[in-house]
Amino acid sequence: MTRYTGLIDQYRARLPLAADARAISLGEGRTPLIKLENIPRQIGFEGELYVKFEGLNPTGSFKDRGMTVAVTQAVHEGARAIICASTGNTSAAAAAYAVRAGVTAFVLIPEGKIALGKLAQAVVHGAVVIQIHGNFDDGMRLVKEIGKTTPVAIVNSINPYRLQGQKTAAFEIVEALGRAPDVHCLPVGNAGNISAYWLGYCEMAGIAASYSDYHQQGRFLDQPLTNKRPKMAGYQAAGAAPFLRGSAVKDPETVATAIRIGDPQSWDLAWAAQKESGGWFDECTDDEILTTQKLLAANEGVFCEPASAASLCGALRDIKSGKIAQGSTVVCTLTGNGLKDPDIIMKNGLQGLVQVPAERGAVEKVLLAHMK
Ligand code: AN7
């Protein structure tokens, strides 16, 4: 048994890092691919439905995959500080990996619009947290401007090393299944992750994506593990759905604050992923997203954050409608951990608590009423 030490050590030959770059890692990656059992049975789905639970990365989201590679490269190039705009998860990851590397993290967040757990992470890791009176898109614009004149490395997904790290989730899925799924479903905000997965699936199949040389020549396996690539399905929150509207959305609004983004930076890449894969974009309402988050938690024991539930929400709808065929193998990425945003559950969840006197009889009565 060798100790798992993170995705750079695992996939170094397939990442564009210099041989002497010191890996900045927290052991990210190798997240579980959980096969859902109860929900497929309930809806009569005879295919295989998996969730890739990225909420089990070190800081609780998929951002760690991108951040380990981006920060490793930035430090290798001599950066003393990193900067990002964020709806929360990127700032948490940037803050943690900056500590690991011994550099400063500056994070721009939309005031009042990030989940409390994510803000706590940025604070506890000692990032310089700059709340802006604006949304993520405003923050992104500012970061790009500042990056031109100030010696700070931008670690948003416009940094190609982010996508290089995030593509490894597709590697893990193909390795786990021994093949690519038929459909891969993701929530889409800034659109970096769907672009990264497509890169990863293309590399596994030995076929270049149109943007494989976006940063480097694609690094293909000598012996591709599969000759198949999945259809990529991207799901957005209805109030923040530029891919459905065909252009940027000015005032994005959704309960899924992680994907409250109106002007996605990886616009062209994500469209290319959709077209080349024969996939699609669709949208989910806030109600549908929250219902799916609870459905998953209450039926499968997996607690993801609201934005993450958009992937499963869309997948279940498309399975029921037949757009995703019976018998298909489907993977949904659950991008972040539900523990980051307990407020959203507790807003209504407190009503479900039972209060009794501290007496055996009273407790037993509750047990009898609730036994399955
Ligand atoms: C849980 O943290 O953009 O489409 O600044 O946190 O690659 O942007 C977060 C995005 C999905 C969307 N699910 O991924 C940020 C940020 C969760 C997220 C997305 C995010 P992209």
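Only a predicted model underlies this, so the values are computations on that prediction, with no experimental measurement involved.

Participant: When you look at helix 13 (residues 306-321) in this model, what are you seeing that I'm missing?
Facilitator: Note on helix geometry: an α-helix contains 3.6 residues per turn, so any two residues three or four positions apart are oriented the same way. With 16 residues, helix 13 extends 23 Å from end C-alpha to end C-alpha; this agrees with the ideal 22 Å at 1.5 Å per step. Within helix 13, 13 of the 16 residues are buried, which leaves it mostly tucked inside the rest of the structure. Two residues or fewer after helix 13 comes glycine 322, characterised by a positive phi angle close to 90 degrees.

Participant: Before we go on, may I ask you to explain the sheet that holds strand 7 (residues 183-187) in this structure?
Facilitator: The strands making up a sheet associate through hydrogen bonds between their backbones, and the pairing can be parallel or antiparallel. Across the sheet, six strands lie side by side as 1-2-10-7-8-9; this open sheet has mixed pairing. Of all strands in the sheet, those with a lone pairing partner are strand 1 (33-35) and strand 9 (280-284), marking the two edges. The average undirected angle you get between the axes of adjacent strands in this sheet is 25 degrees. Taken together, the five bridges between strand 7 and strand 8 (residues 231-237) define a ladder with parallel strand orientation. Residue pairing in the sheet places valine 183 in a bridge with lysine 231 of strand 8. Where helix 8 (residues 168-177) meets the sheet, it contacts strand 1, strand 2 (48-53), strand 7 and strand 10 (329-334), and its direction lies at approximately 140 degrees from that of strand 2.

Participant: Help me understand the layout of surface pockets, please; the structure alone is not making it clear to me.
Facilitator: Using a probe with the size of a water molecule, rolled over the atoms, empty space left in the structure can be pinpointed. Looking at the largest pocket, its volume works out to about 260 Å³. The wall of the largest pocket is formed by 18 residues, among which Gly112, Lys113, Ile114, Ala115 and Thr257 lie closest to the centre. Breaking the lining of the largest pocket down by element, the ones donating at least two residues are strand 4 (104-110), helix 5 (116-124) and helix 14 (342-349). Here the lining of the largest pocket gets three residues from one element, more than from any other, and that element is helix 14. In the lining of the largest pocket, the residues fall into eight nonpolar, four polar and six charged.

Participant: Would you mind going over empty space enclosed by the protein with me for this structure?
Facilitator: As enumerated under the stated definition, the model contains one cavity of 30 Å³ or more in all. Considering only enclosed or pocket space, the largest cavity measures out at about 320 Å³ in volume. Lining the largest cavity are 27 residues, with Phe62, Lys63, Gly189, Asn190 and Ala258 positioned closest to its centre. Elements with a contribution of two residues or more to the lining of the largest cavity: helix 4 (89-101), helix 7 (160-166), helix 9 (192-205) and helix 13. Broken down by element, the lining of the largest cavity gets its largest block of residues, three residues, from helix 9.

Participant: Would you mind showing me how to read the sheet that holds strand 6 (residues 153-154) here?
Facilitator: Spatial strand order, 5-4-3-6: four strands in an open sheet with parallel pairing. The sheet is open, and its two edges are formed by strand 5 (128-132) and strand 6, each paired on a single side. Bridge count for strand 4 against strand 5 is five bridges, and the pairing is parallel. When the bridges of strand 5 are listed, valine 107 appears paired with valine 129.

Participant: Just checking my understanding: could you explain a nonpolar patch on the surface for this structure?
Facilitator: Residues Val354, Val356, Val363, Leu367 and Met371 make up a contiguous nonpolar surface patch of roughly 450 Å² in combined accessible area. Within the element layout of this structure, valine 363 appears in helix 15 (residues 360-370). Valine 363 sits in the partly exposed class, given a relative accessible area of 38%.

About the criteria used
- Residues numbered from 1 in each chain as written.
- Predicted model: local features only at pLDDT ≥ 70, side-chain atom pairs only at ≥ 80, totals over all residues.
- Heavy atoms only, no water.
- Helix = DSSP H or I, 4+ residues; strand = E, 2+ residues; numbered from the N terminus.
- Expected span 1.5 Å × (residues − 1).
- Buried < 20%, exposed > 50% of the residue type's maximum accessible area, 1.4 Å probe, protein only.
- Pairing = 2+ DSSP bridges.
- Axes fitted to C-alpha atoms, helices over the stretch in contact; angles between N-to-C directions.
- Contact = heavy atoms within 4.5 Å.
- 1 Å grid on protein atoms, 1.4 Å probe; cavity = no way out; pocket = protein on both sides within 12 Å on 5 of 7 lines; lining within 4 Å.
- Points joined across faces, edges and corners; volume = space filled by probe spheres on them.
- Nonpolar A, V, L, I, M, F, W, Y, C, P; charged D, E, K, R; others polar.
- Patch = residues over 30% accessible without salt bridge, like charges linked within 9 Å, V, L, I, M, F, W, Y side chains within 5 Å.
- Areas by Shrake-Rupley, 256 points an atom, 1.4 Å probe, with all protein chains shown as cover.
- Salt bridge = Lys/Arg side-chain N within 4 Å of Asp/Glu carboxyl O.

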